[in-house]
Amino acid sequence: MKIINRLSAKDPNFKLDLAKLLNIDTQQNNQITIAVSKILSDIKEKGDLSLLEYTNKYDRLNIKSVDLLEIQKIKWKEAFDNLKLEQRSNLEKAAERIKQYHQKQIMNSWSYKDEYDNILGQRISPLEKVGLYVPGGKAAYPSSVMMNAIPAKVAGVNELIMVSPATNGIINSLVLSAAFLSNVDRLFTIGGAQAIAALTYGTNLIPAVDKIVGPGNSYVAEAKRQVFGKVGIDMIAGPSEILIICDGKTPIEWIVMDLFSQAEHDELAQSILLCPDIQYLNKIEAKIKELLPNMPRKEIIASSLYNRGLLILVENLEQACNISNFIAPEHLEISTEFPNELMKFIKHAGSIFLGKFSSESLGDYCAGPNHVLPTSRTSRFSSPLGVYDFQKRSSFINVSPNGANELGKIANSLAQEEGLQAHALSAHYRINY
Ligand SMILES: NC(=O)c1ccc[n+]([C@@H]2O[C@H](COP(=O)([O-])OP(=O)(O)OC[C@H]3O[C@@H](n4cnc5c(N)ncnc54)[C@H](O)[C@@H]3O)[C@@H](O)[C@H]2O)c1
Ligand SMILES: N[C@H](CO)Cc1c[nH]c[nH+]1
Ligand SMILES: [Zn+2]
C-alpha cells in the first residue's frame, strides 16, 4: 500500500509528475481566495462585531465581548514566572542565540560627500507599528513568537502587536512567555484571515499596523496576499517544506524523522528526499511504515506524505542539486559526507543545513537563523525573515551652493528635453544664486 510517492529522475515523465506533486490543488486555492475576500470586506465594514463573530466561529469559542480578545501583559508575565526552570532556561538560551544571529543583520545609515560638497546618503529607520501573526490552529509556536519578535525589536520597532488564535480558548503558556521574553507590546487572541484584516484596517480594539509578518495556514497566507499594498508584508510563508539530499550514509531513522518533522506541521506540508541509492530509499520507505504509527500526529503526517511527500531516485548528487534548484525548497538538508562540495551547486533555498548533524529541527528552535522562510518555490526571489524586514530606507540629499550650480545645469537641460518646464525652472533658479 502506498505511504509516500516515489519517482525516478530517469523516468521520461519525471518533470510532469514532479510538477503535479509540487502544485497545491488550485480548486481549493480558488475557494480559499473567495472565502478570504469575504472575511476581509466584512472586517473592513463591520469591524469588531465581525471580528468577534469570525473568531467564535473558526476558533470554536463563545466569547461575548470583544475586549476579552486582548490578553494583558500581566498574564504573560505570570505565565513566564510560572515556567519550570528548565523551560525558562531553554527559552532564554534560544532567545539569546536568535538575538545574537540577528544583530549581525542590522543595516546602518551611510552618507558621502561628492566633488561639489553635496552630501548624499541613505538613512535607515525602524518600522513604527508591526503586526506579528503567530500560528495557533494545529500547534502552538512559541518559537515563531521569538523568530518574529526578536528581529523586530533588534531593528527598533516601536509597537509590536501580536495576534495568535486561541483555538478552543486555549492559549499556550509558552507562547505567552515567549511574547513576554521577546518584548512584544500587545497581544490579541485572534487568528486566520480575520486577524490579518483587523491589523490592516484597524478596528476599535485592534490598532492598524504598517506591516504584517509571520507564517500561517492557507487562509492567513491568502489574506496577506490580498492586503499587500494597503500594508507591507514580509512574504507569503505557506505550509512548511523540507527537501533532503542524502548520499545514503545518514542513519535511516534520522532522515525519516527529518521528513516527519515538517510533515507533522500540516496536511499540506511537503517532505522530499533525493538519493542516488535505491536500496536506501527502500529502507526509508520501510522505516516510515514502521515509525509512523507511533507518532502522536500520525494522521497529519500520513496525509502530508501520501499526498505531497516524495522519494526521488537520482542518478547522482549533482543531479539532486539541480532538481532541488527547480523545487527551490524552504529548508534544504544536505546530508552527505562533503556537504560544502554540493552547496556550490545550490542556487535556491530558504535555509541550508549542512551535514548529517544539522537537522532542520535545530534551525526551527535555537540554532540562531530565522525559521520564517520563503515557501512554495519563492526562495528563487525572496529571503528568510530578518532584521532588514523591520527596517526601511530613505535616501537624503543636501545640496551645496556649488552643487546647485553644477547639478542645476544638468537637471535644467534634462527637464527641458522631457518638456517639464517647472522642473527646469526650479533647477535653474538655484544656479549662481
Ligand atoms: N514558515 C514558517 O516559519 C512556519 C512556522 C510555523 C508554522 N508554519 C505553518 O503555519 C501553518 C499553521 O497553520 P495552523 O492551521 O496550525 O494555524 P493558523 O493560525 O495559521 O490558522 C488557524 C486559523 O485559520 C483559520 N481557519 C481555519 N479553518 C478555516 C476555514 N475553514 N475558513 C476560514 N478560516 C479558517 C481560523 O481562523 C484559525 O484561527 C502550518 O501550515 C505550518 O506549517 C510555518
Ligand atoms: N518548521 C517551521 C517553519 O517551516 C517552523 C517551526 C516552528 N516550530 C517548529 N517548526
Ligand atoms: Zn518545523
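Position numbers for residues start from 1 in each chain and track the written sequence from start to end. Both sets of labels track the order of writing: A upward for chains, 1 upward for ligands. Totals for whole chains, interfaces and linings use every residue, but because this is a predicted model, local features are given only for residues with pLDDT of at least 70 and side-chain atom pairs only at 80 or more, for both listing and counting. Side-chain measures here rest on the full set of heavy atoms in the structure, leaving out hydrogens and waters.

What about the UniProt feature "binding site: NAD(+)" (unreviewed entry) in the protein chain?
Working step 1: Per the UniProt record, the feature "binding site: NAD(+)" (unreviewed entry) sits at Tyr133, Gln194 and Asn217. For the residues just named, distributed over 85 residues, the greatest C-alpha separation is only 12.7 Å, placing them together at one site.
Working step 2: Strands here mean DSSP runs of E at least two residues long; helices mean DSSP runs of H or I at least four residues long; both are numbered from the N terminus. Among the secondary structure elements, Gln194 is positioned in helix H8 (residues 192-201).
Working step 3: Three labels apply to residues, based on accessible area from a 1.4 Å probe with only protein chains included: buried if under 20% of the type maximum, exposed if over 50%, partly exposed otherwise in between. Exposure remark for Gln194: the relative accessible area of 2% places this residue in the buried category.
Working step 4: Any two residues whose heavy atoms approach within 4.5 Å are treated as being in contact. Sequence-distant contacts of Gln194, that is, excluding residues within four places in its chain, are made with Ile39, Ile43, Leu51, Tyr54, Thr55 and Tyr58.
Working step 5: Following the sequence through the fold, Asn217 ends up in the loop between strand E7 (211-213) and helix H9 (218-227).
Working step 6: Residue classification places Asn217 among the partly exposed residues on the basis of a relative accessible area of 36%.
Working step 7: We define a polar contact as two N or O atoms separated by no more than 3.5 Å, with the added condition that, inside protein, one atom must be a possible hydrogen donor and the other a possible acceptor, whereas residues neighbouring each other in sequence contribute only through side-chain atom pairs. Side-chain polar atoms of Asn217 contact the backbone nitrogen of Tyr219, separated by 3.1 Å. UniProt positions are given in the numbering used here, feature names are shortened, and annotations may be inferred rather than shown by experiment.

Describing the pairing of strand E10 (residues 270-275)
Working step 1: Extensive coverage of E10 is indicated by the burial of 6 of its 6 residues.
Working step 2: Should DSSP find at least two bridges between two strands, the strands are taken to pair. Pairing geometry for strand E9 (residues 241-246) and E10, over 5 bridges, is parallel. Each residue of the ladder has a partner; that of Ile242, found in E10, is Ser271.
Working step 3: Handedness of the β-α-β unit built from E9, helix H10 (residues 252-263) and E10 comes out right-handed.
Working step 4: Pairing of E10 with strand E11 (residues 310-313) involves 4 bridges; the strand directions are parallel. If you follow Leu273 over to E11, its bridge partner there is Leu311. Orient the strands so they point away from the viewer; a crossover is then right-handed if the path from the first strand over the helix to the second runs clockwise.

Structural notes on the packing of aromatic side chains
Working step 1: Pairing of aromatic rings covers Phe, Tyr and the six-membered ring of Trp, with a centre-to-centre limit of 6.5 Å; geometry is then stacked below 30 degrees between planes, edge-to-face above 60, and tilted otherwise. Per the counting criterion, the structure on display carries 4 aromatic pairs.
Working step 2: Ring geometry for Tyr54 versus Tyr58: centroids 6.1 Å apart, planes at 5°, classification stacked. In this pair, Tyr54 and Tyr58 both sit in helix H3 (residues 48-58), 4 residues apart, roughly one turn of the helix.
Working step 3: Consider the rings of Trp110 and Tyr112, whose centres lie 6.4 Å apart with planes at 20°: the pair is stacked.

Notes on the nonpolar core
Working step 1: In this text, buried Ala, Val, Leu, Ile, Met, Phe, Trp, Tyr and Cys residues form a nonpolar core when linked through side-chain atoms within 4.5 Å. In terms of nonpolar packing, the biggest core is built from 38 residues, with Val130, Leu132, Val145, Met146, Met162, Val184 and Phe390 touching the most fellow members.
Working step 2: Taken together, the elements giving at least two residues each to this core come down to helix H4 (73-81), helix H5 (85-103), strand E4 (129-133), helix H6 (142-155), strand E5 (159-163) and helix H7 (173-181).
Working step 3: Per element, the largest residue contribution to this core is 8 residues, and it comes from H6.
Working step 4: Leaving out residues up to four positions away in the same chain, Leu132 has contacts with Asn148, Ala149, Leu160, Ile161, Met162, Val163, Val184 and Val213.
Working step 5: Leu69, Tyr133, Ile161 and Leu205 belong to the second-largest nonpolar core, a separate cluster that totals 31 residues.

Some points on the environment of Gly350
Working step 1: For Gly350, the position within the fold is in the loop between helix H14 (339-343) and strand E13 (351-354).
Working step 2: Of the residues examined, Gly350 reaches a relative accessible area of 11% and is grouped as buried.
Working step 3: A C-alpha to C-alpha distance of 8.5 Å links Gly350 and Thr378, two positions 28 residues apart in sequence.
Working step 4: Among residues more than four places away in sequence, those in contact with Gly350 are Pro329, Glu330, Leu373, Pro374, Ser379 and Pro384.

Re the coordination of the zinc ion (ligand 3)
Working step 1: Around the zinc ion (ligand 3), the donor atoms from the protein are His265 (NE2) and Asp364 (OD), and they sit 2.1 to 2.2 Å away.
Working step 2: A donor here means an N, O or S atom no more than 2.8 Å from the metal, or no more than 3.2 Å when the metal is Na, K or Ca. Since water is not included, a site may seem to lack partners. Geometry is assigned from donor-metal-donor angles: four donors are tetrahedral when every angle falls between 85 and 135 degrees, four are square planar and six octahedral when opposite donors sit over 155 degrees apart with all other angles between 65 and 115, and any other arrangement is irregular. Given 4 donor atoms and angles of 85 to 176° at the metal, the environment of the zinc ion (ligand 3) is assigned as irregular. Placement of His265 in the loop between H10 and E10 and of Asp364 in helix H15 (residues 360-365) is noted, with a sequence separation of 99 residues between them. Summarising the burial analysis for this pair, His265 and Asp364 share the class buried.

Quick notes on the side chain of Glu330
Working step 1: Locating Glu330 in the fold gives a position in the loop between helix H13 (317-327) and strand E12 (331-335).
Working step 2: No salt bridge is formed by the buried Glu330; its nearest oppositely charged neighbour, Arg308, is found at 9.6 Å.
Working step 3: At 3.4 Å, the side chain of Glu330 and the side chain of His331 are in polar contact.
Working step 4: What Glu330 contacts, discounting residues up to four positions off in sequence, is Pro239, Ser240, Glu241, Ala349, Gly350, Ser351, His371, Leu373, Pro374 and Thr375. Residues counted as positive are Lys and Arg, residues counted as negative are Asp and Glu, and His and the chain ends are not counted. Only one rule defines a salt bridge in this text: a Lys or Arg side-chain nitrogen within 4 Å of an Asp or Glu carboxyl oxygen.

Quick look at the site of ligand 2
Working step 1: As a matter of local geometry, ligand 2 sits amid Tyr141, Ser143, Ser240, Gln262, His265, Glu330, His331, Glu360, Asp364, Tyr365 and His371.
Working step 2: In this structure, an oxygen atom belonging to ligand 2 sits 2.8 Å away from a side-chain N or O atom of Glu330.
Working step 3: Surface exposure here means Shrake-Rupley accessible area, sampled with a 1.4 Å probe, where a residue is shielded only by the protein chains that are shown. Starting from 290 Å² of accessible surface for ligand 2 in isolation, the protein chains cover 91%.
Working step 4: Here the shell around ligand 2 takes 3 residues from H15, the largest share from any one element.
Working step 5: Here the nonpolar group is Ala, Val, Leu, Ile, Met, Phe, Trp, Tyr, Cys and Pro; Asp, Glu, Lys and Arg are the charged ones; every other residue, Gly included, is treated as polar. The residue inventory of the shell around ligand 2, partitioned by class, reads 2 nonpolar, 6 polar and 3 charged. Summary of the distance rule: residues count as near a molecule or strand when at least one heavy atom falls within 4 Å of that molecule or strand.

Focus on the sheet that holds strand E14 (residues 391-398)
Working step 1: The strand order E2-E3-E14 describes an open sheet built from 3 strands, whose pairing is antiparallel. Unpaired on one side and paired on the other, strand E2 (110-113) and E14 mark the two borders of the sheet. Neighbour-to-neighbour, the strand axes of the sheet open up by a mean angle of 15°, direction not taken into account.
Working step 2: Bridge count for strand E3 (residues 119-126) against E14 is 8 bridges, and the pairing is antiparallel. Opposite Ser125, over in E14, you have Lys392 as the bridge partner. Note on geometry: axes are C-alpha line fits, over the in-contact stretch for helices, and angles between N-to-C directions span 0 to 180 degrees.

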